[in-house]
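Structural features, examined
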Amino acid sequence: MTEAILLVGGKGTRLRPLTVHTPKPMVPAAGVPFLTHQLARAKAAGVDHIVLATSYLAEVFEPYFGDGSALGLSIEYVTEEEPLGTGGAIRNVASRLHSGPDEPVLIFNGDILTGLDIRALVDTHRSTGADVSLHLTKVTDPRAYGLVPTDETGRVLAFLEKPQTPEEIVTDQINAGAYVFRRSVIDSIPLGRPVSVERETFPDLLAAGAHLQGMVDSTYWLDLGTPAAFVRGSADLVLGRAPSPAVPGRCGDRLVLPTATVAPDAKLTGGTVVGEGAFVAEGARVFGSTILPGAVIEPGAVITDSLIGTKARVGERSVLTGTVVGDGAIVGPDNELREGVRVWCDARIPAGAVRFSSDQ
């Protein structure tokens, strides 16, 4: 295996306002753009050529990663003028692949944090002679996902949309967003129109008698599609629960980037990240949160399981739990923001304007 396709074209609407100015794969997780972790893990598994399928804010990827040589990779970029879906995006970059018709091509969704044994997935693909091999993972509540039942040999039997009743939950195995395609299968996907691999390509292949193989790997797996999941994924990378060779420092309770400033009596725990040029003032307490570059946390603020955007500011004594503060926003002193609150980019919340408790 020498090459891979990374699907990084999504708009990341569930992550807004984090993705207003930044495509989802470029939002920092554990101190570097999330995509860096995926590229580093692909490199560690033996991949040397990667094609990025870009669309939304496509212009930001190449200035950051260049030709990939800094990561020991060769990276190419292909931009969709109109969104093509997962299958359409894969087909759209096929001309950049070097593989022969029967050789394997690895494909990743750009928003999955996983401990998948990539080499084992490719080995499964080769040993079974599959046309497509899928990483499957087991979840306790599969209702939010498409189900992928398999036989005793791991051969895929069906692709079932999100189940609505208990009777429809025939397996706890779901599509985990990493695949190995036989190159010739990629070339068979219709060119120039939107195609979903989940709803069109895979079911059509099954109906035509193709061999689709599932490999269950139940190591760490997290869909980073929501702010809460993204914050948790970043913390898990810092804590060492999620594996990545790209974390810029030793795993531990906190990760403070070199140009950040943290007051001696500020408390950082739970996998908190403080980005470049950010400032955490005296008496502040930050647990399991991400403070992006240039953000300011003022004295006595308490921040839990939250993400504070680039150059945003959280005022004195404000308490934030499960909150996203967009780039450049200001949360004034003595505010109280709870789970699910999203403060939009450049918004201003005056002192004491939002509370869930009395002012005593």
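Here, the structure is the one placed above.
Scope of this entry: the structure provided in the associated data block. Please read these numbers as outputs of a predicted model, since none were measured by experiment.

Glancing now at the overall build of the protein chain. Counting its regular elements, the protein chain contains seven helices and 28 strands. For a compact globule of 360 residues, the expected C-alpha radius of gyration is about 21 Å, and the protein chain comes in at 22 Å, within 12% of that figure. Projected onto the principal axes, the alpha-carbon positions of the protein chain cover approximately 70 × 50 × 35 Å. Scored against the burial criterion, the 360 residues of the protein chain give a buried share of 54%. The contacts in the protein chain between residues at least 6 apart in sequence include a share of 51% that link residues at least 24 apart.

Note on aromatic pairs: each is described by the distance of the centres and the angle between the planes. Tallied over the full model, the rule gives seven aromatic pairs. Relative to Phe-202, the ring of Tyr-179 lies with its centre 5.2 Å away and its plane at 75 degrees, an arrangement referred to as edge-to-face. Of this pair, Tyr-179 sits in strand S9 (residues 173-182) while Phe-202 sits in helix H6 (residues 197-207), placing them 23 residues apart in sequence. Pair check on accessibility: Tyr-179 and Phe-202 agree, each one buried.

In this structure, Pro-17 follows Arg-16 across a cis peptide bond, with omega equal to 15 degrees. Note that Pro-17 resides in the loop between strand S1 (3-7) and strand S2 (28-29). Even without a glycine there, the phi angle at Asp-305 is positive, about 50 degrees. Inspection of the secondary structure puts Asp-305 in the loop between strand S20 (302-304) and strand S21 (307-308). Non-glycine residue Asp-334 carries a positive phi angle of around 60 degrees. Within the secondary structure layout, Asp-334 lies in the loop between strand S25 (330-331) and strand S26 (336-337).

The rules behind each value
- Residues numbered from 1 in each chain as written.
- Predicted model: local features only at pLDDT ≥ 70, side-chain atom pairs only at ≥ 80, totals over all residues.
- Heavy atoms only, no water.
- Helix = DSSP H or I, 4+ residues; strand = E, 2+ residues; numbered from the N terminus.
- Rg over C-alpha atoms; globule rule 2.2 N^0.38 Å.
- Buried < 20%, exposed > 50% of the residue type's maximum accessible area, 1.4 Å probe, protein only.
- Contact = heavy atoms within 4.5 Å.
- Phe/Tyr/Trp six-rings, centres within 6.5 Å; stacked < 30°, edge-to-face > 60°.

Don't take any of this as a statement about function, it's just geometry.
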